[in-house]
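Next come the chains, spelled out residue by residue.
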Amino acid sequence: VNWVKRRIYANIDALFTSAPDHVADYKFWGVSEEKMFFSVNVVDNTFFKVRSENARQNATAIRNKYNLPERFILGVGRQIPKKNWGTLTKAFCAAVQEIKNDGWGLVLIGDGPDNPLLKKIAAESNAKVLLLPFQDQETICQFYGLAECFVLPSIYGETWGNVANESMASSLPIIISRECGCADTLVRDDYNGWRFDPYDEAQLTQLLVKLMRLPDSERKKMGERSLAIIADWDLD
């Protein structure tokens with residue numbers, strides 16, 4: 001199989017791939033670095049930037065409409081095993097207990113077979129966990145606009161994770177699993193967020209604690225840095 005793959009790659013003139021951290025993989029298959037081109041995984045940054053800012057201007061109405069916590073961490077995606085939302089939910093519940101602050105909430109948006117499991121984990125804790133169904137892009141911007149941070153905890157198969165682009169274009173700090181293809185390219189630890197081992201629930205718990213303990217001004221700065229970083233990953 002490896003021989004066949006190398007023969008295929010030996011005949012290509014150019015390769016589009018997600019990010020520079022994929023270079024080593026394709027070098028293994030015999031593709032020279034000068035044949036590689038990036039910036040495949042992008043979103044319309046302006047769309048998310050403008051609409052999330054509009055949401056912040058209407059925060060009270062949106063918060064009341066969806067019964068959102070005053071401060072919340074956001075997760076968006078299909079509720080399937082590889083997305084690892086159960087680990088995030090348990091880590092969040094543990095973090096809230098550690099900081100002894102029930103003002104924080106976790107909002108997970110999406111559908112899938114893991115939904116009953118997530119409801120069970122939430123029911124066993126006093127933490128504020130809100131599970132909402134799939135939302136279209138216009139609506140999802142409202143949640144990006146009001147969230148304090150975005151988390152993507154996938155354990156495998158996350159080639160990139162465009163929701164990270166969307167949340168960064170919405171000026172959010174991000175906490176991204178190292179298994180996500182975007183992690184090494186978009187996340188700068190202690191600058192605009194953190195990377196973590198998705199199999200280490202305790203590590204994620206401590207990162208959530210760290211985020212919750214940050215002054216509001218520092219979380220805002222981290223979000224602004226996210227926006228600056230993602231400016232290099234736009235449609236143009």
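About the criteria used
- Residues numbered from 1 in each chain as written.
- Predicted model: local features only at pLDDT ≥ 70, side-chain atom pairs only at ≥ 80, totals over all residues.
- Heavy atoms only, no water.
- Helix = DSSP H or I, 4+ residues; strand = E, 2+ residues; numbered from the N terminus.
- Polar contact = N/O pair within 3.5 Å; in protein donor to acceptor, adjacent residues only side chain to side chain.
- Core = buried A, V, L, I, M, F, W, Y, C linked by side-chain atoms within 4.5 Å.
- Buried < 20%, exposed > 50% of the residue type's maximum accessible area, 1.4 Å probe, protein only.
- Contact = heavy atoms within 4.5 Å.
- Phe/Tyr/Trp six-rings, centres within 6.5 Å; stacked < 30°, edge-to-face > 60°.
- Pairing = 2+ DSSP bridges.
- Axes fitted to C-alpha atoms, helices over the stretch in contact; angles between N-to-C directions.
- Right-handed = clockwise from strand over helix to strand, strands pointing away.
- Parallel < 35°, antiparallel > 145°, perpendicular 65-115°, else oblique.
- Left-handed = near helix turned anticlockwise from the far one by under 90°.
- Nonpolar A, V, L, I, M, F, W, Y, C, P; charged D, E, K, R; others polar.

**A closer look at the side chain of Glu148**
Position of Glu148 relative to the elements: it lies in the loop between helix 7 (137-146) and strand 6 (149-152). Within the structure, the side chain of Glu148 is placed 3.2 Å from the side chain of Arg219, a separation counted as a polar contact.

**Describing the nonpolar core**
Considering soluble globular proteins, one finds that nonpolar side chains tend to be buried as a cluster. Grouped together as the largest cluster of nonpolar side chains are 69 residues, with contacts concentrated most on Ile73, Leu74, Phe92 and Leu208. Broken down by element, the residue count for this core peaks at eight residues, all from helix 5 (residues 85-99). Ignoring any residue separated from it by four or fewer positions in sequence, one finds Ile73 in contact with Phe92, Trp104, Gly105, Leu106, Val107, Cys149, Val151, Leu208, Leu211 and Met212. With seven residues, the next largest nonpolar core counts Ile12, Val23, Val31 and Met36 among its residues.

**Regarding the packing of aromatic side chains**
A full pass over the atoms with the stated rule returns nine aromatic pairs. On the numbers, 5.8 Å between centres and 75 degrees between planes, the contact of Tyr9 with Tyr26 is edge-to-face. Taken together, the residues Tyr9 in helix 1 (residues 2-10) and Tyr26 in helix 2 (residues 23-28) connect sequence positions 17 residues apart. Overall, Tyr26 belongs to the buried group, its relative accessible area being 19%. Taking the centre distance of 4.8 Å and the plane angle of 55 degrees together, the rings of Tyr66 and Phe143 count as tilted. Residue Tyr66 is found in helix 4 (residues 59-66), and its partner Phe143 is found in helix 7; the two are separated by 77 residues along the sequence.

**Topic: the sheet that holds strand 5 (residues 128-132)**
Taken together, the six strands give an open sheet; going across it, the order is 5-4-3-6-7-8, and neighbouring strands pair in parallel fashion. Every interior strand has two partners, whereas the edge strands, strand 5 and strand 8 (193-196), have only one. Within this sheet the neighbouring strands show an average axis-to-axis angle of 20 degrees, counted without direction. The pairing of strand 3 (residues 71-76) with strand 4 (residues 104-109) spans six bridges and is parallel. Within strand 4, the residue paired with Arg71 across the bridge is Trp104. Packed onto the sheet, helix 7 meets strand 3, strand 4, strand 5 and strand 6 and runs at close to 140 degrees relative to strand 3.

**Topic: the pairing of strand 4**
Buried residues dominate strand 4, accounting for six of its six residues. Burial along strand 4 is two-sided: the residues Trp104, Leu106 and Leu108 and Gly105, Val107 and Ile109 are all buried. Crossover strand 3 to strand 4 through helix 5 is right-handed. Here strand 4 pairs with strand 5 via five bridges, running parallel. For Ile109, the partnering residue across the bridge sits in strand 5 and is Leu132.

**Topic: unusual backbone geometry**
The residue Asn84 is not glycine, and still its phi comes out positive at about 65 degrees. Along the chain, Asn84 turns up in the loop between strand 3 and helix 5. A relative accessible area of 9% places Asn84 in the buried class. Phi at Asp190 is positive, roughly 65 degrees, even though this residue is not glycine. Inspection of the secondary structure puts Asp190 in the loop between helix 9 (183-186) and strand 8.

**What about the packing of helix 5 against helix 10 (residues 201-213)?**
In contact at an axis separation of 8 Å, helix 5 and helix 10 are set at 50 degrees when each is read in the N-to-C sense. In this view, helix 5 runs oblique relative to helix 10, as classed from their interaxial angle. Crossing geometry of helix 5 relative to helix 10 is assigned as right-handed. On helix 10, the residues that touch Thr87, Leu88, Lys90, Ala91, Phe92, Ala94, Ala95, Val96, Glu98 and Ile99 of helix 5 are Glu201, Leu204, Thr205, Gln206, Leu208, Val209, Met212 and Arg213. Looking at the contact of helix 5 with helix 10, its residues break down into 11 nonpolar, three polar and four charged.

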